[in-house]
Structure formats: structure tokens, C-alpha cells
Amino acid sequence: MEIWQEIRRNSDRGAERLVSEYGNRLYAAALLLCSNSEDAEDLTFRTLNQAIRKIKTFDPSRNFYTWLYTILLNFRRMDLRRKRTSVISVGSTADLPEVAIECFAEKLECSGNDQLSEALKALSPQLREAVVLRYYDEKTIDEIAAILQVPPGTVKSRLHNARIALNTLLSGKEP
Amino acid sequence: MTEKELDDIFCQRLKSCISGCKLPEEFASKLKASVRRSRRSMRLCIVLTTTFAVILSVALTGLMHSPSQDDDTKCALVAKCDKKTPEKVSCWMLLGFFRDCFKRNRNGRRKK
């Protein structure tokens, strides 16, 4: 039985299955987006709760995880709007140097986990969303475009900008 | 190095960044409790709304179909008040009665 069918039939058993199958994966994505374990846990909780409540609106032709992820992103955006957090935005990368692949790969490999987390935190929410979807969830450009509801070209440009910004941040320079 | 190799390294690094991060054990039970609570409050809301709608519809039906006194009844009522010729009650009459209630004597006392 599909998970959405189980939730519709029995919400208790469905909730348990939802947590065991998707809980940790969503939590990890939330951690990368929020960079704070309390916020990430709260975000995951609200996402799963909303998914159970709105399971009747789920279209079975869609991917279930993508649907969950869309709910998570919507909650995250709502939080950001409410808090109006000041992110050290590196959205504009016009004056940053182009990244040589080898150079960036080397920096990625040499950087510590904390350093990479800090660099991710410094990215603007839009760039961070694209990076998490591409490199954590390993979604294709088209899938990311569908989730974020932007054209594939925008996704590519966000990923490119994120790479440039991360390269600069991992070098220890201010973007 | 190709783009694909770089992507693989990036994926690996990002995953290692959050490896070992797991939800707390009681997360599932908390979620179940929250779902049950919201179901209960939704049911309560439905019951209250239905009750309110029923009460409102009963009250409206009662108001719309209440027996009204027709003109003959009104005339009979007026006739009962020792009047020889029954006359219809008009707004002006009612206003006159109302005015009488506050009429005063020359001494400034209220008329009995």
C-alpha cells in the first residue's frame, strides 16, 4: 500500500510510516535550510503535520517526496517572511570571479563540516534552496524547477551563482 | 575534472555535513498526538457550527411563521376597551398614548 493511501486510511499508522520513511531525510534538508536544529525540527514537524491534514489534496500522479518538500519550502518561506531575517546575501555575483572546477572541488574537499555549514548559512535563501535540492536531494534541474516553480534556466543560474559564492566564502574572503 | 565529478564531491560533502543528524525518538508520538488533537478540535468545530446553524434556522422559521393578529382581531381588542365604535389602531394613536404617559398637570405633577 502506498504511504498516502495508508495515511488516508489510518492517520496514526500513516504518521509512523511517514516519520520512519521521510522524517530524517526531510529533517536533514531542513537542517541545511535552517542551519539550526530547533528550527529544523519544528519545520519538519509542521511539514509532516500539514501533510497528514491535507493528504486528501495530494495528487497520486505526483512524487510524494516532492510534494512534502514543497510544503517544507512554503513553511520555510513563510518563516523567513515573518522573521525578516537578515541573511548575508550573496545573491549578486556579478563581480565575483568565475570558478575553476578543480579549484572549487579542492576547496570543498579541504573545508571542514563547520566551515561548509557556515558558508551555506551565508547564502541567500533562494541559492540555498537550489543547492540543497541539487546536491543533497540529488534532484535534476527540471525537478528543481518544478518544485521551486521557476524556469530551468533560473535554476541553473542560481546553482552557478551559489557555486561562485561558496567558492569565495570557502576561501575565507567576504563576498 | 568534469562537472559530474564536481557534483559528486559536492553531494558527498553536503551529506557528510549533516550525517548522523536524526529526529528525536519521541517525534512520531508527538506528531500522532498533534494530529489527534487537531482532528478533535475540527470535530468540535463542526458540531458547534451545525448546532448554531440549526438554532438559527429554527429561530428564523419561528419568526417568519409566527401567527400575526389580523385587522379584525385588532378591532375586537380595541372594542374590548369600552369603546362604543371600534376603530383601527394607527401609529398616531399609539404615539398619542405614549404622549399621555408623560403629560403633567399645571402643578408639574404627572397625571394619574
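Residues numbered from 1 in each chain as written. Chains lettered and ligands numbered in written order. Predicted model: local features only at pLDDT ≥ 70, side-chain atom pairs only at ≥ 80, totals over all residues. Heavy atoms only, no water.

J.: Would you mind going over the overall build of chain B with me for this structure?
T.: Across its full length, chain B holds four helices and zero strands. Reading the helices (α) and strands (β) of chain B from amino to carboxyl end gives α-α-α-α. Expressed as a percentage of its 112 residues, the buried residues of chain B come to 15%. (Helix = DSSP H or I, 4+ residues; strand = E, 2+ residues; numbered from the N terminus. Buried < 20%, exposed > 50% of the residue type's maximum accessible area, 1.4 Å probe, protein only.)

J.: I would appreciate a short explanation of a nonpolar patch on the surface in the present structure.
T.: On the surface, a nonpolar cluster with roughly 530 Å² of combined accessible area is contributed by B:Trp92, B:Leu95, B:Phe98 and B:Phe102. The topology assignment puts B:Trp92 in helix α4 (residues 91-101). (Patch = residues over 30% accessible without salt bridge, like charges linked within 9 Å, V, L, I, M, F, W, Y side chains within 5 Å. Areas by Shrake-Rupley, 256 points an atom, 1.4 Å probe, with all protein chains shown as cover. Salt bridge = Lys/Arg side-chain N within 4 Å of Asp/Glu carboxyl O.)

J.: Explain the confidence of the model for chain A to me, please; I cannot follow it from the model alone.
T.: Low pLDDT means the predicted atomic positions in that stretch should not be read closely. Confidence in the prediction of chain A, expressed as mean pLDDT, is 84, and 88% of residues score 70 or more. Per-element confidence in chain A ranges from a low mean pLDDT of 78 for helix α5 (residues 101-110) of chain A to a high of 92 for helix α3 (residues 37-53) of chain A. (pLDDT = per-residue confidence, 0-100.)

J.: Just checking my understanding: could you explain the interface of chain B and chain A for this structure?
T.: Contact with chain B, which involves 28 residues of that partner, is made by 37 residues of chain A. Surface buried jointly by chain B and chain A totals about 3,300 Å² across both partners, of which 69% is contributed by carbon and sulfur atoms. Broken down residue by residue, the surface that chain B buries against chain A is led by B:Phe10, B:Arg13 and B:Leu14, which jointly contribute 20%. The interface formed by chain B and chain A includes six salt bridges. Residues B:Asp7 and A:Arg134 are paired through a salt bridge, measuring 3.2 Å at the closest nitrogen-oxygen approach. Run the count over chain B and chain A and you get nine residue pairs in polar contact (both at pLDDT 80 or more). (Contact = heavy atoms within 4.5 Å. Buried area = accessible area lost by both parts, 1.4 Å probe. Polar contact = N/O pair within 3.5 Å; in protein donor to acceptor, adjacent residues only side chain to side chain.)

J.: Sorry if this is basic, but what is going on with the side chain of A:Thr44 here?
T.: Tracing the sequence through the fold places A:Thr44 in helix α3. Leave out the neighbours within four places in its chain, and A:Thr44 touches A:Gly23, A:Leu26, A:Tyr27, A:Ala30, B:Leu23 and B:Phe27.

J.: Even after reading the chapter, I still don't get the pattern of salt bridges, so can you show me in this structure?
T.: Pairing is possible between side chains of opposite charge, provided their charged atoms come close. All names here are of chain A. Enumeration according to the criterion identifies 15 salt bridges over all chains in this entry. With a closest N to O distance of 2.6 Å, Asp79 and Arg46 form a salt bridge. Placement of the pair is Asp79 in helix α4 (residues 64-83) and Arg46 in helix α3, with a sequence separation of 33 residues. Given the relative accessible area of 10%, Asp79 is considered buried. Here Glu129 and Arg77 are joined by a salt bridge, their closest N and O atoms 2.9 Å apart. Remark: Arg77 occurs in helix α4 and Glu129 occurs in helix α7 (residues 125-136); sequence separation between them is 52 residues. We classify Glu129 as buried; its relative accessible area is 3%. A network of salt bridges, in which partner residues are shared, links Asp42, Arg46, Asp79 and Arg82.

J.: Which parts of the structure should I look at to understand the packing of α4(A) against α7(A)?
T.: When two helices pack together, their arrangement is captured by the angle between the axes and the distance separating the axes. All names here are of chain A. Look at α4 against α7: their axes get within 12 Å of each other, and the N-to-C directions meet at 160°. The orientation of α4 with respect to α7, classified from their angle, is roughly antiparallel. The crossing of α4 and α7 is right-handed. Contacts from Tyr69, Leu73, Arg77 and Leu80 of α4 reach α7 at Pro125, Glu129, Val132 and Leu133. Residues of the contact of α4 with α7, tallied by class, amount to six nonpolar, no polar and two charged. (Axes fitted to C-alpha atoms, helices over the stretch in contact; angles between N-to-C directions. Parallel < 35°, antiparallel > 145°, perpendicular 65-115°, else oblique. Left-handed = near helix turned anticlockwise from the far one by under 90°. Nonpolar A, V, L, I, M, F, W, Y, C, P; charged D, E, K, R; others polar.)

J.: What should I look at first to understand unusual backbone geometry in this one?
T.: When glycine is set aside, most residues are seen to have a negative phi, and most peptide bonds are trans. Residue and element names in this part refer to chain A. Positive phi, normally seen in glycine, also occurs at Glu138, with a value near 55°. Along the polypeptide, Glu138 turns up in the loop between α7 and α8 (141-148). You can call Glu138 partly exposed: its relative accessible area is 45%.

J.: I'm lost on the packing of aromatic side chains in this one. Help?
T.: Aromatic ring pairs: the centre-centre distance and the angle between the two ring planes describe each pair. Under the defined criterion, the tally for this structure stands at nine aromatic pairs over all chains. The interplanar angle of 15° and the centroid separation of 6.0 Å between the aromatic rings of A:Tyr22 and A:Tyr65 together place this pair among those described as stacked. Of this pair, A:Tyr22 sits in helix α2 (residues 11-34) while A:Tyr65 sits in helix α4; the two residues are 43 residues apart in sequence, bridging distant segments of the chain. With relative accessibility at 2%, the residue A:Tyr65 sits in the buried group. Taking the centre distance of 4.0 Å and the plane angle of 20° together, the rings of A:Tyr135 and B:Phe10 count as stacked. One end of the pair, A:Tyr135, is in helix α7; the other, B:Phe10, is in helix α1 (residues 3-17), on a second chain. For A:Tyr135, a relative accessible area of 3% translates into the label buried. Members of the aromatic cluster, joined through ring pairs, are A:Trp4, A:Tyr22, A:Phe58, A:Phe64, A:Tyr65, A:Trp67 and A:Tyr69. (Phe/Tyr/Trp six-rings, centres within 6.5 Å; stacked < 30°, edge-to-face > 60°.)

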